[in-house]
Amino acid sequence: MLSEWIELSLEETRPAAHSGRLRGGSYRLHAPGILELTPTECRATARACVFSVGIHGNETAPIELLGSCLARIEAGLLPLGAPALIILGNLEAISRAERYVNTNLNRLFRRDLDETGMEPDRARQLMSAVDDFYARHAGRERLHYDLHTAIRDSRFPRFVVEPFAETITRPEQWRWLAEAGIQAVLHQHRHSWTFSHYSKHYHQAQAFTLELGRALPFGHNDLTALAPMTRLLKALLEGREPRGADPARMAFFRVAHELMRQSQDFHLCFPDDTPNFTEFAPGTRLAEDASAGPCIVQDEPLSVVFPNAAVELGARAVLLARPATPPG
Ligand SMILES: O=C(O)CCC(=O)N[C@@H](CCC(=O)O)C(=O)O
Ligand SMILES: [Zn+2]
């Protein structure tokens, strides 16, 4: 059942059973693409884990990666030892192999959301699933990894975005992420209303957006580069304390500016295939916006992350980052 859950969710086939037993626990389907795993016995070290994939429909590697973990649980090869909420985000966009259908789901995770439409409705459903899950596991440390892949190449192919919120990221997170093959960390400088930000801001979860290479169609992903990340997810599902490594092996950056697209007549002044974290020297013209004017690098170099001139009006077109000191 678990190994077929992803396909069934995308086909909108109603599964035969909404709940059932697994070796070492049970599962429950709360809604399409929302699956909860409950161990018979929780290990003392277990976190209440939320793992989300497919928040953007064309980002398939994380879906394959999580699918392989579910298949191992079902086969009895991965003993469940932690409560986990597994989320397939934008089902319609995944079926269409597109980033989103009407609007970017990963900008809608706020409790005062008043927009209508498929993605806003899905954001509300996912927020309420997360609220209920963490409430059921009150007293246990909360964790949310929202797994993505990026549109373009990157100087650091695997990196995380640390959402901005008051909750401090615990030192073991940096150690686990380093051991899991994450090469860089980008600290957000302000609230961003992404899914990982939601869990951190409203639930004090240890939460990140993980970028795990480039977005490719199903069947084209090389999951070997993600083997260390798979080990981290498996350890968390087993409720074991994951292995760690020295965080100094990762590069740390902080967002200095977020450039928003303000007019139809907007373009970036560097090639579309410029890799994430490419650094530009002072004086470089980065963007032109008919209403906001030019964006020029001032006194210190800036690195571009997630550049995308084709975003919706008012949305983030690029993050501009500077090196940051590693957490002590
Ligand atoms: O490659 C890109 O340009 C976008 C990749 C992506 O979907 N990134 C996430 C980051 C979320 C965050 O800032 O935490 C997004 O844009 O939603
Ligand atoms: Zn994404």
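Cut-offs and rules
- Residues numbered from 1 in each chain as written.
- Chains lettered and ligands numbered in written order.
- Predicted model: local features only at pLDDT ≥ 70, side-chain atom pairs only at ≥ 80, totals over all residues.
- Heavy atoms only, no water.
- UniProt positions renumbered as here; feature names shortened; annotations may be inferred.
- Helix = DSSP H or I, 4+ residues; strand = E, 2+ residues; numbered from the N terminus.
- Buried < 20%, exposed > 50% of the residue type's maximum accessible area, 1.4 Å probe, protein only.
- Contact = heavy atoms within 4.5 Å.
- Polar contact = N/O pair within 3.5 Å; in protein donor to acceptor, adjacent residues only side chain to side chain.
- Phe/Tyr/Trp six-rings, centres within 6.5 Å; stacked < 30°, edge-to-face > 60°.
- Lys NZ or Arg CZ within 6 Å of the ring centre and 35° of its normal.
- Pairing = 2+ DSSP bridges.

K.L.:
Outline the UniProt feature "active site" (unreviewed entry) in the chain, supporting the account with residue identities and numerical values.
P.N.:
Mapped onto the present numbering, the UniProt feature "active site" (unreviewed entry) falls on Glu211. Looking at where glutamate 211 falls in the secondary structure, it is placed in strand 9 (residues 206-214). According to the relative accessible area criterion, glutamate 211 is buried, its value standing at 6%. With near-sequence residues (within four places) excluded, glutamate 211 lies in contact with His148, Thr149, Ala150, Pro157, Arg158, Phe159 and Phe306. Here the side chain of glutamate 211 touches alanine 150 through a polar contact of 3.4 Å, landing on its backbone nitrogen.

K.L.:
Describe the packing of aromatic side chains, naming the residues involved and giving the relevant values.
P.N.:
Following the criterion strictly, the structure yields 13 aromatic pairs and no others. Ring centres of phenylalanine 51 and tyrosine 145 lie 6.2 Å apart, and the angle between their planes is 45°; this geometry places the pair in the tilted category. Placement of the pair is phenylalanine 51 in strand 4 (residues 48-53) and tyrosine 145 in strand 6 (residues 142-150), with a sequence separation of 94 residues. As far as the burial class goes, phenylalanine 51 and tyrosine 145 line up, both buried. Centre to centre, the rings of tyrosine 198 and tyrosine 202 are 4.7 Å apart; their planes meet at 45°, and the pair counts as tilted. Highlighted residues: tyrosine 198 and tyrosine 202, both in helix 6 (residues 195-203), separated by four residues, approximately one helical turn. A cation over an aromatic ring shows up here: arginine 110 above the ring of tryptophan 193, its NZ or CZ 4.2 Å from the ring centre.

K.L.:
Please provide a residue-by-residue account of the pairing of strand 16 (residues 316-323), values included.
P.N.:
Of all eight residues making up strand 16, six are buried, and the element is well covered by its neighbours. Sheet topology places strand 10 (residues 251-260) next to strand 16; seven bridges connect them, and they run antiparallel. Each residue of the ladder has a partner; that of valine 255, found in strand 16, is alanine 321. Across three bridges, strand 15 (residues 302-305) lies against strand 16 in antiparallel orientation. The partner of valine 304 across the bridge, within strand 16, is leucine 320.

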